[in-house]
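Chain by chain, the residues:
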Amino acid sequence: MKINYIRSLLSFITQSKKVFIIKRFLLILILALSFHSLSKADDITDFEIEGISIGDSLLDYFSESEINNSKPVYYPSSKKFFQLNFWNTNDDKTYEFLTFLVKASDKKYYIYEMAGYVDYKRNVQDCYKQEKKIINEIKSILNFVDFKDYGKQKKNIDKTGKSTTTISQFYFADGGIIKVSCDDWSLEWENKGEIDGISVSVASKEAFDWFVDEAYK
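Residues numbered from 1 in each chain as written. Predicted model: local features only at pLDDT ≥ 70, side-chain atom pairs only at ≥ 80, totals over all residues. Heavy atoms only, no water.

## With respect to the sheet that holds strand S7 (residues 146-154)
- The strand order across the open sheet formed by 8 strands is S3-S4-S5-S6-S10-S9-S8-S7, and the pairing between neighbours is antiparallel. Among the strands making up the open sheet, the edge pair consists of strand S3 (73-75) and S7. Each neighbouring strand pair of the sheet contributes to a mean axis angle of 20 degrees, computed without reference to strand direction.
- Relative to strand S5 (residues 97-103), strand S4 (residues 78-87) runs antiparallel, the two sharing 7 bridges. Of the residues in S5, the one forming a bridge with Phe-81 is Lys-103.
- Most of the contacts of helix H3 (residues 124-141) go to strand S9 (residues 177-184), to which it runs at about 165 degrees, and overall it touches S7, strand S8 (164-171), S9 and strand S10 (197-203).
- Running over the sheet, helix H5 (residues 205-213) touches S3, S4, S5, strand S6 (113-119), S8, S9 and S10 and is turned about 115 degrees from S4. (Pairing = 2+ DSSP bridges. Helix = DSSP H or I, 4+ residues; strand = E, 2+ residues; numbered from the N terminus. Axes fitted to C-alpha atoms, helices over the stretch in contact; angles between N-to-C directions. Contact = heavy atoms within 4.5 Å.)

Pasting the structure below:
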């Protein structure tokens, strides 16, 4: 997804705070997953980011004013959905920044995809370590869910091929996915404001299909 500019907003976080945040993130994610029985684990709506689930309305978590003040981000080839971005202002927050995908025509702002971000400015090796821990914990709980590790891929936006992202995805019976990624930007792109970081996203089948088939055609 073309939302990597978001990480430039997180540059003020100190290293000690980053480590604390990611440890809390891992713990909360594990707890959130383990609270659900295996009979329900194939439903993507069972999973949460900061207590928010796919299918919820943004109006349950943000005021209409806050939503209107978040500038919509549209994708290149389809206006069916747009993305809204928010600083996470909760006192006990896990993620510094949150993004949500909603339908352009929906005034209830029902969520079809959501993601949380933590940056690892010029510290991508620690990002990879945490990524592996998160993936292994999810796999230990959801060992019957399809999993694919797509490894490290070059970012299309960087024509030098020096910027990369890792992509691992869990596929659910209802068509939804969980994706865990680490971005490693080249020095040139870091100087432009991009920041290495980890992201966890949860998407419904409709959102995932739209990303694949329409968003970038």
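## Things to note about the pairing of S10
- Extensive coverage of S10 is indicated by the burial of 7 of its 7 residues.
- Both faces of S10 are covered, namely the face carrying Gly-197, Ser-199, Ser-201 and Ala-203 and the face carrying Ile-198, Val-200 and Val-202.
- Relative to S10, S6 is paired through 7 bridges, and the arrangement is antiparallel. Looking at the pairing, Asp-119 lines up with Gly-197 of S10.
- Where S9 meets S10, 7 bridges bridge the pair, whose relative direction is antiparallel. Across the sheet, residue Val-180 finds its bridge partner in S10, namely Val-200. (Buried < 20%, exposed > 50% of the residue type's maximum accessible area, 1.4 Å probe, protein only.)

## With respect to the pairing of S8
- Within S8, 8 of the 8 residues are buried, leaving the element largely enclosed by the surrounding structure.
- Of the two faces of S8, the one holding Thr-164, Thr-166, Ser-168 and Phe-170 and the one holding Thr-165, Ile-167, Gln-169 and Tyr-171 are both buried throughout.
- Judged from the 7 bridges that link them, S7 and S8 form a sheet pairing that is antiparallel. Bridging from a neighbouring strand, Lys-154 pairs with Thr-164 of S8.
- When S8 meets S9, the two strands line up antiparallel, connected through 8 bridges. Paired with Ile-167 across the strands is Ser-181, a residue of S9.
- Counting the residues in the hairpin turn of S8 and S9 gives 5 residues, including Gly-175, whose phi is positive at 95 degrees.

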